[in-house]
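Summary of structural features
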Amino acid sequence: MKILVLNAGSSSQKSCLYEIADEALPTQAPQPLWEGKVNWTQDHGVAEIEVKTATGAEVEKSISGESPEAHLAYMLNTLTNGATKVINQLSEIDLVGHRVVHGGQDYRESVVITEDVKKAIADLSNLAPEHNPAALSGIKAIENILGEVTQVAVFDTAFHSTIPDAAAIYPGPYEWVEQGIRRYGFHGISHQYCSARAAQILGKDLASLRLITCHLGNGCSLTAIKNGRSIDTTMGFTPLEGLMMGSRSGSIDPGILIHLLRYCNYSVEKLDSVLNKASGLRGISGVSSDMREVTKAIAQGNTRAKLAWDIYVHRLCSNIGAMLASLGGLDALVFTAGVGENSPEIRQAACEAFGFLRLKVDLKKNQQQPVDEDIATPDSEVRILVIHTQEDWAIAQQCWQLEKK
Ligand code: ADP
């Protein structure tokens, strides 16, 4: 079965093609046959397209002008033409899976995309303005380019639909509940994938485990997972809540917002932009939203960068503590995504804070770029895993499972 995955970001469309045997899913993520990316972040109106295949062929091209759909069509055209050709015709693709950030309260698992599903994704755009419209454009473009192929929506919120009301409902007026203002949680595809992979690495039944998964990328969130189900998470109604992130503030006193609106001439747009783009590591350090740059600046004696680091670690630890309380204990702490997978310093700082749980990180293993490995010492009472998140593969798996139902 050939499954094409599309992962739409605010300014990029990533895609990959997997071939999976009809009989069974492989136990580990296979390499995709083909990977493509359209990036719209450079000059306005210019699309940078990068394609590579499992056999090492690569194509790069910039296209100016034309529509985003034409850019996507160009990228998909490389599946059947030129150096990166991996299939003879697009009709060989059996399924197309899309990452859709927001599925609201109704979509608790992956679904085949119908007119109703498209309408729901569009209606939820005000809750995920950067992402849901981008996913919808991808879905429509595939309809135009591939015709009748079955498309599947895999929602980032779905995994969190099991969070109990006490953790999901905000203590505002009850009308909020009726208006759908509640914790949805995000990064669900990654948290779910990492929980399943953690069980595999530990050789344990997922249903017996209490896990905290730390997805630390540009956006950061934690999830408390018990018996394979999400029971609490740090992101909320929007991806702005919770941990300090690259350029997002995470949780702050809501009274600050009232203060800024009332006394500091802030418009809603300015508030949005400050909290999402000019806060977090970038806002405090004044250096960058990228943890690597912040770390470099600390080494050069930059005190604001050091403060940004300290706040990041403090908030990571206090939120791990909150997840611990929801779980009532811990079998494994899992680190994933850009920072979680690549920063031994952040992992060490977080782990040392929980030494009182007899959680002990093996400092040598922690430094050796672990991938899908347990980096706890043998006598640690809690396992510590570093897992390479594979969201695209998780989407392909869910498509395969839906097809086999
Ligand atoms: P996204 O959340 O956009 O999917 P990623 O999960 O790829 O992003 O994470 C990107 C972030 O990972 C970068 O902004 C950077 O801060 C961080 N990162 C990547 N490599 C390293 C590294 N070696 N050390 C520390 N941080 C890193």
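Under the annotation held in an unreviewed UniProt entry, the protein carries the name Acetate kinase and is attributed to Nostoc paludosum FACHB-159. If you open the UniProt record of the protein and go to Pathway (unreviewed entry), you find "Metabolic intermediate biosynthesis; acetyl-CoA biosynthesis; acetyl-CoA from acetate: step 1/2." Within the UniProt record for the protein, the comment given under Sequence similarities (unreviewed entry) is "Belongs to the acetokinase family."

1. Some remarks on the sheet that holds strand β2 (residues 12-19)
Paired through their backbone hydrogen bonds, the strands of a sheet run either parallel or antiparallel. Judged by pairing direction, the sheet is mixed, and its eight strands sit side by side in the order β5-β4-β3-β2-β1-β6-β8-β7 without closing on themselves. For this open sheet the edge positions go to β5 (58-64) and β7 (111-112), each flanked by a neighbour on one side alone. In terms of strand pairing, β2 meets strand β3 (residues 34-39) through six bridges, oriented antiparallel. By the bridge assignment for β3, S12 is matched with N39. Strands in contact with helix α2 (residues 115-123) are β6 (95-100), β7 and β8 (150-155); relative to β8, the strand with the most contacts, it is inclined by about 35°. The strands touched by helix α15 (residues 391-404) within the sheet are β1 (2-8), β2, β6, β7 and β8, with β6 carrying the most contacts at an inclination of about 125°.

2. Some words on the state of the cysteines
Here is the idea: a disulfide is a covalent bond, and it sits between the sulfur atoms of two cysteines. A complete count under the given rule lists zero disulfides for this structure. Its sulfur unpaired, C16 is 11 Å from the next cysteine sulfur, which belongs to C399. Classification of C16 by relative accessible area gives buried; the value is 2%. Free cysteine: C351, not disulfide-bonded; nearest cysteine sulfur from C214 at 8.4 Å.

3. Quick notes on the UniProt feature "active site" (unreviewed entry) in the protein
The positions UniProt marks with the feature "active site" (unreviewed entry) are D156. Within the fold, D156 resides in the loop between β8 and α4 (165-168). You can call D156 buried: its relative accessible area is 1%. Residues in contact with D156, not counting those within four places in the same chain, are R99, V100, V101, G185, F186, H187, G188 and I189. Among the polar contacts listed, one links the side chain of D156 to the side chain of R99, at a separation of 2.8 Å.

4. Some thoughts on the site of the ligand
The environment of the ligand is formed by G217, N218, G219, D290, M291, R292, A337, G338, V339, N342 and S343. Within the backbone of M291, an N or O atom sits 2.7 Å from an oxygen atom of the ligand. A distance of 2.9 Å is found between an oxygen atom of the ligand and a backbone nitrogen or oxygen belonging to G338. In isolation the ligand offers 580 Å² of accessible surface; the protein chains occlude 68% of this area. If you list the elements that add at least two residues to the shell around the ligand, you get α10 (291-299) and α12 (337-342). When residues of the shell around the ligand are assigned to their parent elements, the largest contribution, four residues, is made by α12. Its residues assigned to classes, the shell around the ligand shows three nonpolar, six polar and two charged.

5. Concerning the layout of surface pockets
Of the volumes computed, that of the second largest pocket is approximately 700 Å³. If you trace the second largest pocket, you find 30 residues lining it, with Q192, A394, Q397, Q398 and Q401 closest to the centre. For the lining of the second largest pocket, the secondary-structure elements that each account for two or more residues are β8, α6 (188-202) and α15. By residue number, the principal contributor to the lining of the second largest pocket is α6, which donates seven residues. Taken together, the residues that form the lining of the second largest pocket break down as 13 nonpolar, twelve polar and five charged.

About the cut-offs
- Residues numbered from 1 in each chain as written.
- Predicted model: local features only at pLDDT ≥ 70, side-chain atom pairs only at ≥ 80, totals over all residues.
- Heavy atoms only, no water.
- UniProt positions renumbered as here; feature names shortened; annotations may be inferred.
- Pairing = 2+ DSSP bridges.
- Helix = DSSP H or I, 4+ residues; strand = E, 2+ residues; numbered from the N terminus.
- Contact = heavy atoms within 4.5 Å.
- Axes fitted to C-alpha atoms, helices over the stretch in contact; angles between N-to-C directions.
- Disulfide = S-S within 2.5 Å.
- Buried < 20%, exposed > 50% of the residue type's maximum accessible area, 1.4 Å probe, protein only.
- Polar contact = N/O pair within 3.5 Å; in protein donor to acceptor, adjacent residues only side chain to side chain.
- Near = heavy atom within 4 Å.
- Areas by Shrake-Rupley, 256 points an atom, 1.4 Å probe, with all protein chains shown as cover.
- Nonpolar A, V, L, I, M, F, W, Y, C, P; charged D, E, K, R; others polar.
- 1 Å grid on protein atoms, 1.4 Å probe; cavity = no way out; pocket = protein on both sides within 12 Å on 5 of 7 lines; lining within 4 Å.
- Points joined across faces, edges and corners; volume = space filled by probe spheres on them.

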